[in-house]
Amino acid sequence: MKKIKVIALLICLLAGFTFAEEYYWPRSYFISAGFGAQVSKGDFNERAISGKDSAGIKGDLHPPALEFIATPDFMVGVNLGAFTLGLGFQYWNSEQVIAGFPDESYKQDTRIWRAGIEFTYNLFWPDFFQIGLGAGYSYSSVKAENSAVFNNTDIYNVEFMGSAVAFIANIHYYITDNIAMVPAIKIYENWFKNVHCSRIDNNDLDPYLWQTFVLATVSLQYQF
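In this text the structure is predicted, and so the values were computed from the model without any measurement.

Peer 1: Can you explain the overall build of the protein chain? Please cite residues and give values.
Peer 2: For the protein chain, the count of helices and strands is one helix and 10 strands. Secondary structure of the protein chain in N-to-C order comes out as α-β-β-β-β-β-β-β-β-β-β. For the protein chain, buried positions account for 45% of its 224 residues. Just so you have it, the protein chain exposes about 11800 Å², and 62% of that area is on carbon and sulfur atoms.

Here is the structure:
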């Protein structure tokens, strides 16, 4: 519920900016679509998590290693003078090595998605070439199939959920007044604080699982 309130507040903030007076906030809107790849390192790569069901039976919940992931990167937002405020979304399915198994080649289908807000300041605005520096906040979900094991035989899907802060650096190269090529680097520091498995429902993680993602993308942006 807290996450929903935060996202709603950010959307209201975005809407509020868009109603500012044009003479004070030179304004344009944009949509963008891109594709990239991210590498990842952290607790997901190191260990499984132990848990108990309601009957006290122990099991191991194995996270995917997430060492390399391809992903699309979609954004909508508003440019307010030299500032950019955007809402982003990423989603991808891939086969990943599952950490913590004796067989290090054990792989399962993994789904990862991330939704969040980004705020950047664009150096050299309003030139056709701009450098953006900023930060972001996002919510992430990582779900792996057949990666929770109870009684050494009972296997379940497992989902890890958490938040991230990000450092963002990008370049806007405007091919025309409305179309720009946008390469970007986004570094996410994720803390996963909840895990879900049908055998144990939702559980808080203590300690949290920390994972760093470095994402490189190239997007095509349309400004209007």
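Peer 1: Outline the pairing of strand β9 (residues 179-197), supporting the account with residue identities and numerical values.
Peer 2: Bridge count for strand β8 (residues 154-174) against β9 is 14 bridges, and the pairing is antiparallel. Residue pairing in the sheet places alanine 166 in a bridge with tyrosine 188 of β9. Taking the residues that link successive antiparallel strands as the turn, the β8-β9 hairpin has four residues.

Peer 1: Before we move on, could you go through unusual backbone geometry and cite the residues and values that matter?
Peer 2: Residue proline 126 follows tryptophan 125 across a cis peptide bond; omega there is 10°. Locating proline 126 in the fold gives a position in the loop between β6 (107-123) and β7 (129-150). Here the amide bond leading from aspartate 206 into proline 207 is cis, since omega sits at 5°, within 30 degrees of zero. Locating proline 207 in the fold gives a position in strand β10 (residues 201-223). In this model, leucine 66 sits at a positive phi of 55°, which is unusual for a non-glycine residue. Mapped onto the elements, leucine 66 comes out in the loop between β3 (58-61) and β4 (68-80). A positive phi angle, close to 70°, is found at phenylalanine 124, a residue other than glycine. By secondary structure assignment, the location of phenylalanine 124 is in the loop between β6 and β7. Since its relative accessible area comes to 48%, phenylalanine 124 is described here as partly exposed.

Peer 1: Before we move on, can you summarise the packing of aromatic side chains with the specific residues and values?
Peer 2: Counted by the stated rule, this structure contains 12 aromatic pairs. Ring geometry for tyrosine 222 against phenylalanine 224: centres 6.0 Å apart, planes inclined by 20°, an arrangement best described as stacked. Between the NZ or CZ atom of arginine 114 and the centre of the ring of phenylalanine 213, over which it lies, the distance is 5.1 Å.

Peer 1: How would you explain the nonpolar core if you had to name every residue and give the values?
Peer 2: Formed by 25 residues in total, the largest nonpolar core has its most connected members in Phe44, Leu61, Val158, Phe160, Phe192, Leu209 and Phe213. At the level of elements, β7, β8, β9 and β10 are the ones that each hand at least two residues to this core. For this core, the element with the highest residue contribution is β8, accounting for five residues. In this structure, leucine 209 is in contact with Asp43, Phe44, Arg47, Ile49, Phe160, Asn190, Trp191 and Phe192, ignoring residues within four places of it in sequence.

Peer 1: Tell me about the environment of histidine 196, and name the residues and values.
Peer 2: With respect to the helices and strands, histidine 196 occurs in strand β9. Among the residues examined, histidine 196 registers a relative accessible area of 28% and is labelled partly exposed. On a C-alpha basis, the gap between histidine 196 and asparagine 157 in space is 8.5 Å, while along the polypeptide they are 39 residues apart.

Peer 1: Describe the pattern of salt bridges, and please don't skip the residues or the numbers.
Peer 2: Two side chains carrying opposite charge are able to pair once their charged atoms lie near each other. Inspection of the entire model under this criterion finds three salt bridges. Two residues, glutamate 159 and arginine 111, come together in a salt bridge whose shortest N-O distance is 3.6 Å. Of this pair, glutamate 159 sits in strand β8 while arginine 111 is found in strand β6, placing the two residues 48 residues apart along the sequence. When the shortest N-O distance is used, the salt bridge between lysine 186 and glutamate 118 registers 2.9 Å. One end of the pair, lysine 186, is in strand β9; the other, glutamate 118, is in strand β6, and 68 residues separate them in sequence. Residue classification places lysine 186 among the buried positions, given a relative accessible area of 3%. Each of Asp73, Glu118 and Lys186 takes part in salt bridges that share partners, so that together they form one network.

Peer 1: Please give an account of the side chain of glutamine 223 that cites residues and values.
Peer 2: Position of glutamine 223 among the secondary structure elements: in strand β10. Within polar-contact distance, the side chain of glutamine 223 engages the side chain of serine 28 at 3.5 Å. Among the polar contacts made by the side chain of glutamine 223, one reaches the side chain of asparagine 79 at a distance of 3.1 Å. Leaving out residues up to four positions away in the same chain, glutamine 223 has contacts with Ser28, Tyr29, Phe30, Asn79, Tyr174, Asp177 and Asn178.

Definitions and limits used
- Residues numbered from 1 in each chain as written.
- Predicted model: local features only at pLDDT ≥ 70, side-chain atom pairs only at ≥ 80, totals over all residues.
- Heavy atoms only, no water.
- Helix = DSSP H or I, 4+ residues; strand = E, 2+ residues; numbered from the N terminus.
- Buried < 20%, exposed > 50% of the residue type's maximum accessible area, 1.4 Å probe, protein only.
- Areas by Shrake-Rupley, 256 points an atom, 1.4 Å probe, with all protein chains shown as cover.
- Pairing = 2+ DSSP bridges.
- Phe/Tyr/Trp six-rings, centres within 6.5 Å; stacked < 30°, edge-to-face > 60°.
- Lys NZ or Arg CZ within 6 Å of the ring centre and 35° of its normal.
- Core = buried A, V, L, I, M, F, W, Y, C linked by side-chain atoms within 4.5 Å.
- Contact = heavy atoms within 4.5 Å.
- Salt bridge = Lys/Arg side-chain N within 4 Å of Asp/Glu carboxyl O.
- Polar contact = N/O pair within 3.5 Å; in protein donor to acceptor, adjacent residues only side chain to side chain.

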